[in-house]
Every structure is written in C-alpha cells, then in structure tokens.
Amino acid sequence: MSGFLSLNKPALMTSHDCVARIRRLLRIKRVGHAGTLDPAATGVLPVAVGKATRLLQYLPQTKAYRATIRLGVTTTTDDLEGEILTREPVSVERLPEAAIAALREFVGKISQVPPAYSAIQVQGQRLYDLARRGEAVEVPVREVEVYEIKFLDWRDGDFPELDLAIACGPGTYIRAIARDLGQRLGTGGTLAHLTRTESSGFTLDQSITFEELETQLQSGSFNLISPVTGLIHLPQITLENAIAHRWCQGQKITEFLSNLSPTENSPFRVHSEDGEFLGIAVISDSETPQLIPKMVFAEMA
C-alpha cells in the first residue's frame, strides 16, 4: 500500500493525531503528513502512506486558505483558542474599504513575526513550549510570500468579521496576518476561523473526511491517490526500459541527456517508456550530465 490521501481535517485534532488515526484505520505504520495545520483549523491535510512518505519533500509548497478575521479582539495565540488580551468594540468609518486598502500591504514578499504560540524552534525549543512556561523570548522575523488576498465578504457589528481567500508560500502564518491587519487598522484583530483549501498540490474537493474514509474501507472502495498526482509540477524524464532498469539499480545515466540544461539539484520525475513512475532524480551540472537517482520508487523486473 503506497500513495497519498488528502484528508479534510476536522477541527480540534492535531495533525499528529490525524496521522495516528489513519495508521490505525489502514493498519500500516508508515504514514506521514505535509504542512501542519493548527488544531482549530480544518481542511486539506496531505497524508502519505507507505513508500510515498519519501516523496513528501518533493511536493509543491504552495497553500491556499479561506480565513475569517475578527476585529476588535486580540489574544495570546492570535486566534480564538487563546486567552483574550483586549476586547474593544470597533468604530471605523468605511471599514470594508479601509481593510481592503490595508490588505494590499500583505501581498508579495513580506516580513512576518510568527505567533508566540507556534511550532518554530528558538534555541532548540518550540515557541509554544516557551510561551506555555511564561518565558519571554524574541520571536524571529521571517520573510514569507503571499501571492494573493481576495476580500470575500464581511459582517458588521461591534466586532466585525472579514472573510478572505489567501494564497501563499510555505511558512506563512494566517494568524499573524489577522493580528497584523488589526494593528494596521488600529482595532486589533485575531483569526476566528481557518480552512485550508489547497496544500501541496491537493485541493479540498478531492479531500475526504474520516467518516468517508471509514465508509470506503468498510465497503472495499477505498483507493490511495497515485503518487504521481502530487508530483505533476516536476518535469518528467522518460527512459527506455533497458536504461530505466539500470537507473532503478542505482546507476547514474548519461544517455539522452546532452540536450538538457538542468538547474543543479532540481528534481525530475523519472518514468519508464511504459509510463510507470520510477522515482525522483537530479541531473548533475557538469560537462557530461548524469541522471542521478535520489529516490527509487519502483522496482523493474
């Protein structure tokens, strides 16, 4: 059993708990996930099973979210799971327009201070462990990239809420965007709800819940997603079967590579002439390029 499963993660479960439950349901130990989701968040959690766990590092890094930001409230965790620090009714003229204008500052490569309660390590310790012990620590600023923010809707009131669609690169904290938007508007802000709609090449519409997974397992209709599905973004190299056999044995291949201009250490999908996915390779950046196995997935007879 080897491939991917796109889980629609429920709220109030950690990503680690989800992996543990899938291990039990599939009765297989070799299970891993890409892109940790906070316990309160829902949505796409890519899960690799069997040998596909070795492919997690090659999945695309882009992510997309549907977020609700509540203004007028700040918390210790930058979401509603934390202790409330401030709570003041909001009085801002032309609030939607002001928020839309402020959101433009969050698109592109930006400097972001991650939430104090996060999994980032400082001096070998997780920030959330330090925060729970009450230890003051300077959270390091990181550069992240936000590709797009779309304003979807809003609800008025003493504590208005904004619905946003956000596409971003790895390491971006939506909780930090909620906090920082509140600071820009002078109202304070926190994340009220978060659903990940896309992660590592998998989307919400191809994700299944635990209930659906259990039903499919009971009916015998469950199938893992092909490993290639998460690797479509990688360029493909097709090898003749005789050459592919040598490559699968760990040999470096030089045939048919002279016309390629690879980026050093850039991964390729390797397929046989029959279309079988064989694994991941890089091409050496040398006078005589070599196709070097990085991860052999299939064994050719």
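Up top is the structure these notes are about.
Below or above, wherever it landed, is the structure these notes cover. (Residues numbered from 1 in each chain as written. Predicted model: local features only at pLDDT ≥ 70, side-chain atom pairs only at ≥ 80, totals over all residues. Heavy atoms only, no water.)

Turning our attention to the pattern of salt bridges. Taken as a whole and judged by the stated rule, the model has eight salt bridges. Between R179 and D78 there is a salt bridge, and its shortest N-O distance comes to 3.2 Å. Remark: D78 occurs in the loop between β5 (73–75) and β6 (84–87) and R179 occurs in helix α4 (residues 174–185); sequence separation between them is 101 residues. When its relative accessible area of 15% is taken as the criterion, R179 is described as buried. When the shortest N-O distance is used, the salt bridge between R184 and E105 registers 2.7 Å. Of this pair, R184 sits in helix α4 while E105 sits in the loop between α2 (95–103) and β7 (108–112), placing them 79 residues apart in sequence. Beyond isolated ion pairs, a larger network of salt bridges with shared partners links R70, R155, E161 and D163. (Salt bridge = Lys/Arg side-chain N within 4 Å of Asp/Glu carboxyl O. Helix = DSSP H or I, 4+ residues; strand = E, 2+ residues; numbered from the N terminus. Buried < 20%, exposed > 50% of the residue type's maximum accessible area, 1.4 Å probe, protein only.)

Between its terminal C-alpha atoms helix α1 (residues 15–26) stretches 17 Å, which fits the 16 Å expected from twelve residues at 1.5 Å a residue. Taken together, the buried positions of α1 are occupied by S15, C18, V19, I22 and L26. Mapping the buried residues of α1 onto a view down its axis gives an arc of 100°, with all of them on the same face. Pointing more than 90 degrees away from the buried face of α1 are the exposed residues H16 and R24. R27 sits one or two positions beyond α1 and adopts a positive phi of about 60°. (Expected span 1.5 Å × (residues − 1). Arc of directions from axis to C-beta.)

It is worth spelling out a negative patch on the surface at this point. Judged by side-chain charge, E240, E273, D274 and E276 come together as a negatively charged surface patch. If you trace the backbone, E273 turns up in the loop between β15 (267–272) and β16 (277–283). (Patch = residues over 30% accessible without salt bridge, like charges linked within 9 Å, V, L, I, M, F, W, Y side chains within 5 Å. Areas by Shrake-Rupley, 256 points an atom, 1.4 Å probe, with all protein chains shown as cover. Lys, Arg positive; Asp, Glu negative; His and termini not counted. Charge placed at Lys NZ, Arg CZ, Asp CG, Glu CD.)

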